[in-house]
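# Residue-level structure breakdown
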Amino acid sequence: MKQFRPLTVDKIQQETRDSVRIAFVVPAELQSEYSFLPGQHLPIQVELDGSKLRRTYSICSAMGEPPEIGVRIQPGGKFSTFAAARLAVGDRIEAMPPTGQFVLSLDPANARDYVGFAAGSGITPILSMIKSSLAIEPGSRFILFYGNRTQATTMFIDDLYALKNQYMDRLQLNFVFSREEQEFEPMAGRLDGDKVRELYRHFGAGLRATDCFVCGPDTMIRDVTDALVDLGMPAEHVHSERFGVPRKSAATTVTVAPKAAEHAQITVIMDGHRKCFDMERDDANIVDAAAAHGIELPYSCKGGVCATCRCHVQVGAVTMAANYGLEAWEVEQGFVLACQSRPVSESVVLDYDKV
Ligand code: FES
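Residues numbered from 1 in each chain as written. Predicted model: local features only at pLDDT ≥ 70, side-chain atom pairs only at ≥ 80, totals over all residues. Heavy atoms only, no water.

Time to look at the sheet that holds strand 10 (residues 209-216). The sheet built from 5 strands is open, its strands ordered 9-8-7-10-11 with parallel pairing. Here the strands that pair on one side only, and so sit at the sheet edges, are strand 9 (171-177) and strand 11 (238-242). Strand-to-strand twist in this sheet, taken as the mean axis angle between neighbours without regard to direction, amounts to 10 degrees. Bridge count between strand 7 (residues 113-119) and strand 10: 6 bridges; the pairing is parallel. Bridge pairing links Val115 to Cys212 in strand 10. Strand contacts of helix 2 (residues 123-136): strand 7, strand 8 (141-148), strand 9, strand 10 and strand 11, with the helix running at about 160 degrees to strand 8, the strand carrying the most contacts. Sheet strands in contact with helix 5 (residues 218-230) are strand 7, strand 10 and strand 11, and its direction is about 160 degrees off that of strand 10. (Pairing = 2+ DSSP bridges. Helix = DSSP H or I, 4+ residues; strand = E, 2+ residues; numbered from the N terminus. Axes fitted to C-alpha atoms, helices over the stretch in contact; angles between N-to-C directions. Contact = heavy atoms within 4.5 Å.)

A word on helix 4 (residues 193-203). Every buried residue of helix 4 is listed here: Gly193, Lys195, Val196, Glu198, Leu199 and Tyr200. Close packing links the buried residues of helix 4 with strand 7, strand 8, strand 9, strand 10 and helix 5. (Buried < 20%, exposed > 50% of the residue type's maximum accessible area, 1.4 Å probe, protein only.)

A few words now on the sheet that holds strand 15 (residues 310-315). Read across the sheet, 5 strands follow the order 14-13-19-15-17 without closing on themselves; strand pairing throughout is mixed. Of all the strands in the sheet, the pair left with one neighbour each is strand 14 (273-280) and strand 17 (335-337). Going from strand to strand, the sheet's axes swing by 35 degrees on average, the running direction of each strand aside. Sheet topology places strand 15 next to strand 17; 3 bridges connect them, and they run antiparallel. Its bridge partner being in strand 17, Arg310 is matched across the sheet by Leu337.

Unlike most non-glycine residues, Lys302 shows phi in positive territory, near 55 degrees. Inspection of the secondary structure assignment puts Lys302 in the loop between helix 6 (286-292) and strand 15.

Let us now look at the domain arrangement of the chain. By domain assignment, the chain separates into domain 1 (5-95), domain 2 (113-244) and domain 3 (254-351). Just the C-alpha atoms count here: the centres of domain 2 and domain 3 sit 34 Å apart. (Domains from an automatic or database assignment.)

Attention shifts here to the side chain of Arg242. With respect to the helices and strands, the residue Arg242 is situated in strand 11. A polar contact is formed between the side chain of Arg242 and the side chain of Asp218, at a distance of 2.6 Å. Residues within four places of Arg242 in sequence aside, it is in contact with Gly216, Asp218, Ile221, Arg222, Val305 and Tyr324. (Polar contact = N/O pair within 3.5 Å; in protein donor to acceptor, adjacent residues only side chain to side chain.)

Here we come to the environment of Asn285. Structurally, Asn285 is set in the loop between strand 14 and helix 6. Taking C-alpha positions, Asn285 is 42 Å from Leu134, a pair spaced 151 residues apart along the chain. Contacts of Asn285, omitting those with residues within four sequence positions, involve Met279, Ala338, Cys339, Gln340, Ser341 and Arg342. One polar contact links the side chain of Asn285 to the main-chain amide nitrogen of Val287, over a distance of 3.0 Å.

Another aspect to go through is the packing of aromatic side chains. Summed over all chains, the structure comprises 11 aromatic pairs. Summarising the aromatic geometry, the rings of Phe79 and Phe82 are spaced 5.9 Å apart at their centres and angled 50 degrees between planes, so their arrangement reads as tilted. Remark: Phe82 and Phe79 occur in helix 1 (residues 78-85); sequence separation between them is 3 residues, near one turn of the helix. When its relative accessible area of 2% is taken as the criterion, Phe79 is described as buried. The class of Phe82 is buried, set by a relative accessible area of 12%. (Phe/Tyr/Trp six-rings, centres within 6.5 Å; stacked < 30°, edge-to-face > 60°.)

Attention shifts here to the environment of Gly50. Examined against the element boundaries, Gly50 turns out to sit in the loop between strand 3 (41-48) and strand 4 (51-58). We classify Gly50 as exposed; its relative accessible area is 65%. Taking the C-alpha atoms as reference points, Gly50 and Lys275, separated by 225 residues in sequence, lie 29 Å from one another.

Among the nonpolar cores identified, the biggest contains 28 residues, and Ile266, Phe277, Ile286, Leu297, Leu350 and Tyr352 are the most heavily contacted of them. Within the residue set of this core, elements represented by two or more residues are strand 13 (263-270), strand 14, helix 6, strand 15, strand 16 (318-320), strand 17 and strand 19 (347-351). Ignoring sequence-local partners within four residues, the contact set of Leu350 consists of Ile266, Thr267, Val268, Ile269, Ile286, Cys311, His312, Val313 and Val336. Residues Cys60, Met155, Phe177 and Cys215 belong to the second largest nonpolar core, which totals 26 residues. (Core = buried A, V, L, I, M, F, W, Y, C linked by side-chain atoms within 4.5 Å.)

At a minimum axis distance of 11 Å, the contact between helix 2 and helix 3 (residues 157-166) shows a crossing angle of 20 degrees. On the basis of their axis angle, the class for helix 2 and helix 3 is roughly parallel. Here the hand of the crossing between helix 2 and helix 3 comes out left-handed. Contacts between helix 2 and helix 3 involve Ile123, Leu127, Ile130 and Lys131 on the former and, on the latter, Asp159, Leu160 and Leu163. Grouping the amino acids of the contact of helix 2 with helix 3 by side-chain chemistry returns 5 nonpolar, no polar and 2 charged. (Parallel < 35°, antiparallel > 145°, perpendicular 65-115°, else oblique. Left-handed = near helix turned anticlockwise from the far one by under 90°. Nonpolar A, V, L, I, M, F, W, Y, C, P; charged D, E, K, R; others polar.)

Below, the structure written as structure tokens:
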């Protein structure tokens, strides 16, 4: 099973007034375990005021580099406030190996046009995709549409301009600001469906877009995805990742059967080993029920977003309360989020080794 292991903080840098970036050193013996694909995230765990806190942050560095995350400081946010005020270079933070299916698979032989739509801190995984694709695929281009309130609140703007200087012909940057006047009218406003159609009218001509990557809050994801599909992009080529827990109504609720079983035996397979425990209808979800039996299953957000708890139903059926983290094909193939799942059948076998 993927374990939390201590990584040393190598660098902390103020990114904007309300965000920081944190780079980690990975010990030599953990290099392969902590290697990542562009777009993946890093679940982290800290102990604050006597209780453990888990968060998941997307990695912004390029594939092959040490992991670096971008953290937007949320008013009242426990981890982000701690990271901004108390975390210091040399501290150790527990991190699980990078995970996540919102990834860009690269091949040096590819010659593709990738398109990214990011809002606010949604740029973090897309920045990793930009850096990695431009470095690894000399024949590919990246077109970014990036929405923020103002230039001053735009995360990683210096990195983006530096990349533009390095890859002048292969990176196209389109900044959209909602609270700053723009000389060119289409670059003002919010990244919603109408804006995507307008931007595509101006910048989409001649694009050989193969895959679009969308990251931001829930409404932005839905608006942008719907507009891209309307514009002719096949839905399976539009990949998205939300940040934050969306409104309840926006969830893809998956109901394999209507009612949770009165009593069930759950078997989990991890690293080839099996562990069993019993679960009752009153238990909130499989992750918590396992913990009550002394079995720790992977999790981070427990909100159905990060997919750290993703596993495959090998036997039986479960019902998920919500799913913001799995794509349709994953659900069709039997993957579930254990933090949102309760058993429907009396026997359930969950495989954490299947990817
Ligand atoms: S722990 Fe994040 S989706 Fe389950």
